[in-house]
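Chain and residue survey
Take a look at the letters that make up each chain.
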Amino acid sequence: MTRALLIVDVQNDFTEGGALGVRGGAAVAEGVTRLLQDDPDRYTVVAASRDWHHGDDDNGGHFATGAEPDYVQTWPVHCVGGTTGAEYHPALDASLIDLHVKKGQGVPAYSAFEGTIDGGSGAGDGDGTVVGLAEALAARDVDQLDVVGIATDYCVRASALDALRAGLRVRILTSLVAGVAAESSNAALAELAESGAVLV
Ligand SMILES: [Zn+2]
C-alpha cells in the first residue's frame, strides 16, 4: 500500500484576499502544512496542483471577457502563471511537495489530473519529460490518494472524481478542504462518497 497526498490549488488567488478567494482557504494551507510536519512519513508522495493560466488570452473561455463572470463557466481573471496570485499560499510549506502539477494553461481545467508535471517525475526525475499526474503516481506505485485543498465544489471535486476513475482508493480529508458555497460543497462531498471516495 502506497499512499499519496494531493493538495489541490492552495494558491493566493483562491484564498482570502485573492481574485477568487474562498473563506477558510488560509486555514487549509496552515492545516496541510501541519499535517505533513506532524508525521513526515505519512505519505510516500506529496503532489500539489496549481491553476496556471495564460495572462494574454481568455484561456478557452474560462476568463470572462467583455461580460460579467457567471461563476459557473466564466470567472474573473485569476491564477495567471508567474504572478503572485498563482503562487502557493505562503502558509503552505512548498518544500514538502514532491510533485508540482500545473493546469489550465490556455484551457479551463478543474482537475489536477488534467495538468502536467514539468521536469520529469515519471521514471526519471529531472529528465526533462512532461507527464500527467496519473502517470507520475503510477510510476511510484501509489494506490491510495488523500485529497485536500480548494475548492471543494470545483477543483477538489473534479480531481477526486478523476482519481477514482484512475483506479485509486480515494479519501477526502474534510477538515482540510474549503468550498465556494456550503450547499454545492456538501453536494460535491455527497457525490464523491457515492462514487466511492471515503470522507474522513
Ligand atoms: Zn482557473
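This text follows the structure it describes.
So, here's what we can say about the structure.

Distances from the zinc ion to its protein donors, Asp 51 (OD), His 53 (NE2), His 62 (NE2) and His 78 (NE2), fall at 2.1 Å. Here the zinc ion is ringed by 4 donor atoms whose angles at the metal span 90 to 164°, and the overall shape comes out irregular. Along the chain, the residues donating to the zinc ion are arranged with the sequence spacing D-x1-H-x8-H-x15-H. Assigned by exposure class, His 53 and His 62 land together as buried.

The full count for this structure, using the stated rule, is 7 salt bridges. Asp 51 is the partner of Lys 103 in a salt bridge, and the nearest nitrogen-oxygen pair spans 3.1 Å. Taken together, the positions of Lys 103 in strand S3 (residues 99-103) and Asp 51 in strand S2 (residues 45-51) put the pair 52 residues apart, joining distant regions of the chain. Asp 51 shares its class with Lys 103; the two are buried.

Enumeration over the complete set of coordinates arrives at 3 aromatic pairs. A centroid spacing of 5.8 Å and a plane angle of 85° characterise the contact between Tyr 71 and Trp 75, whose relative ring orientation is edge-to-face. With 5.2 Å between their ring centres and 85° between their planes, Trp 75 and Tyr 154 make a pair best called edge-to-face. Of this pair, Trp 75 sits in the loop between S2 and S3 while Tyr 154 sits in helix H3 (residues 152-165); the two residues are 79 residues apart in sequence, bridging distant segments of the chain. Residue Trp 75 is classed as buried on the basis of its relative accessible area, which comes to 7%. Owing to a relative accessible area of 24%, Tyr 154 belongs among the partly exposed residues under this scheme. Members of the aromatic cluster, joined through ring pairs, are Tyr 71, Trp 75, Tyr 110 and Tyr 154. Cation over ring: Lys 102 sits above Trp 52, and NZ or CZ is 4.3 Å from the ring centre.

Reading the values: rules and limits
- Residues numbered from 1 in each chain as written.
- Predicted model: local features only at pLDDT ≥ 70, side-chain atom pairs only at ≥ 80, totals over all residues.
- Heavy atoms only, no water.
- Donors = N, O, S within 2.8 Å, 3.2 Å for Na, K, Ca; no water.
- Tetrahedral: all angles 85-135°; square planar, octahedral: opposite > 155°, others 65-115°.
- Buried < 20%, exposed > 50% of the residue type's maximum accessible area, 1.4 Å probe, protein only.
- Salt bridge = Lys/Arg side-chain N within 4 Å of Asp/Glu carboxyl O.
- Helix = DSSP H or I, 4+ residues; strand = E, 2+ residues; numbered from the N terminus.
- Phe/Tyr/Trp six-rings, centres within 6.5 Å; stacked < 30°, edge-to-face > 60°.
- Lys NZ or Arg CZ within 6 Å of the ring centre and 35° of its normal.

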